[in-house]
Amino acid sequence: MLKSIKFTLWNDDSRNRVMANILSTLDNANASGKEIDVTISPHKRAKTSSQRNWFHKLCSIFGDEMGLTQGQVKDIAKAQIVGWRHVKIGGVDIVVPDGSSEDMSRLEYSEMIEALYRVAAESGVALPSPDHYRGD
């Protein structure tokens, strides 16, 4: 059984290797008579662990200042990027972010961090910069 395979084209050298691998995969699938799906999409650089850690630290700092949980602050920041949606649970209308931060690219995650800085500033809370927090 063919498992999912993901290739990233970085430069001309990788393009040649990737193209050879794709052709080989297609030939093997064709020879076995199996149907496969091929999807080509723009590359999205994954968010970094340092981005994630810094975002969660900022959520904690802002939450402490505003009397909110880290999760509540994360939802507020996330919704600045993905928007809000209404869901009904047990007949109760609840407003939640309309997307997941897990699916965000590095750029989108950076935009979410910037959105948190904006929301904090509009609330009268000054969040530290990463350089200031590290003591640089």
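Above: the structure in question.
Residues numbered from 1 in each chain as written. Predicted model: local features only at pLDDT ≥ 70, side-chain atom pairs only at ≥ 80, totals over all residues. Heavy atoms only, no water.

Structural notes on helix α4 (residues 106–122)
So, point 1. End to end, α4 covers 24 Å across 17 residues, agreeing with the expected 24 Å (1.5 Å per residue, within 8%).
So, point 2. Inspection of α4 places Tyr 109, Met 112, Ile 113, Ala 115, Leu 116, Val 119 and Ala 120 among the buried residues, and these make up the whole buried set. Relative to the axis of α4, the buried residues are bounded by an arc of 155 degrees and lie together on one face. The outward face of α4, more than 90 degrees from its buried face, is lined by the exposed residues Leu 107, Ala 121 and Glu 122.
So, point 3. Next to the buried residues of α4 lie α2 (49–66) and α3 (70–82).
So, point 4. Phi turns positive one or two residues past the end of α4, at Gly 124, with a value near 85 degrees. (Helix = DSSP H or I, 4+ residues; strand = E, 2+ residues; numbered from the N terminus. Expected span 1.5 Å × (residues − 1). Buried < 20%, exposed > 50% of the residue type's maximum accessible area, 1.4 Å probe, protein only. Arc of directions from axis to C-beta. Contact = heavy atoms within 4.5 Å.)

Considering the environment of His 56
So, point 1. Inspection of the secondary structure puts His 56 in helix α2.
So, point 2. Expressed as a C-alpha distance, the spacing of His 56 and Lys 74, which sit 18 residues apart in the sequence, is 7.7 Å.

Here's the deal with the packing of aromatic side chains
So, point 1. According to the stated counting rule, one finds one aromatic pair in the structure shown.
So, point 2. The interplanar angle of 70 degrees and the centroid separation of 5.6 Å between the aromatic rings of Phe 55 and Tyr 109 together place this pair among those described as edge-to-face. Of this pair, Phe 55 sits in helix α2 while Tyr 109 sits in helix α4, and the two are 54 residues apart along the sequence. (Phe/Tyr/Trp six-rings, centres within 6.5 Å; stacked < 30°, edge-to-face > 60°.)

Focus: the side chain of Lys 74
So, point 1. By secondary structure assignment, the location of Lys 74 is in helix α3.
So, point 2. One buried charge, Lys 74, has no salt-bridge partner; the nearest side chain with opposite charge is Glu 102, at 4.7 Å.
So, point 3. Contact partners of Lys 74, with chain neighbours within four places excluded, come to Phe 55, His 56, Cys 59 and Ser 101. (Lys, Arg positive; Asp, Glu negative; His and termini not counted. Salt bridge = Lys/Arg side-chain N within 4 Å of Asp/Glu carboxyl O.)

With respect to the packing of α2 against α3
When two helices pack together, you describe them by how their axes are tilted relative to each other and by the distance separating the axes.
So, point 1. Packing of α2 against α3 leaves a shortest axis separation of 8 Å and a crossing angle of 110 degrees. The angle between the axes of α2 and α3 places the two elements in the roughly perpendicular class. With respect to the hand of their crossing, α2 and α3 are arranged in right-handed fashion. Along the contact surface, α2 presents Phe 55, His 56, Cys 59, Ser 60, Phe 62 and Gly 63, while α3 presents Gln 70, Val 73, Lys 74 and Ala 77. (Axes fitted to C-alpha atoms, helices over the stretch in contact; angles between N-to-C directions. Parallel < 35°, antiparallel > 145°, perpendicular 65-115°, else oblique. Left-handed = near helix turned anticlockwise from the far one by under 90°.)

Remember that the coordinates give geometry; whether it matters functionally is a separate question.
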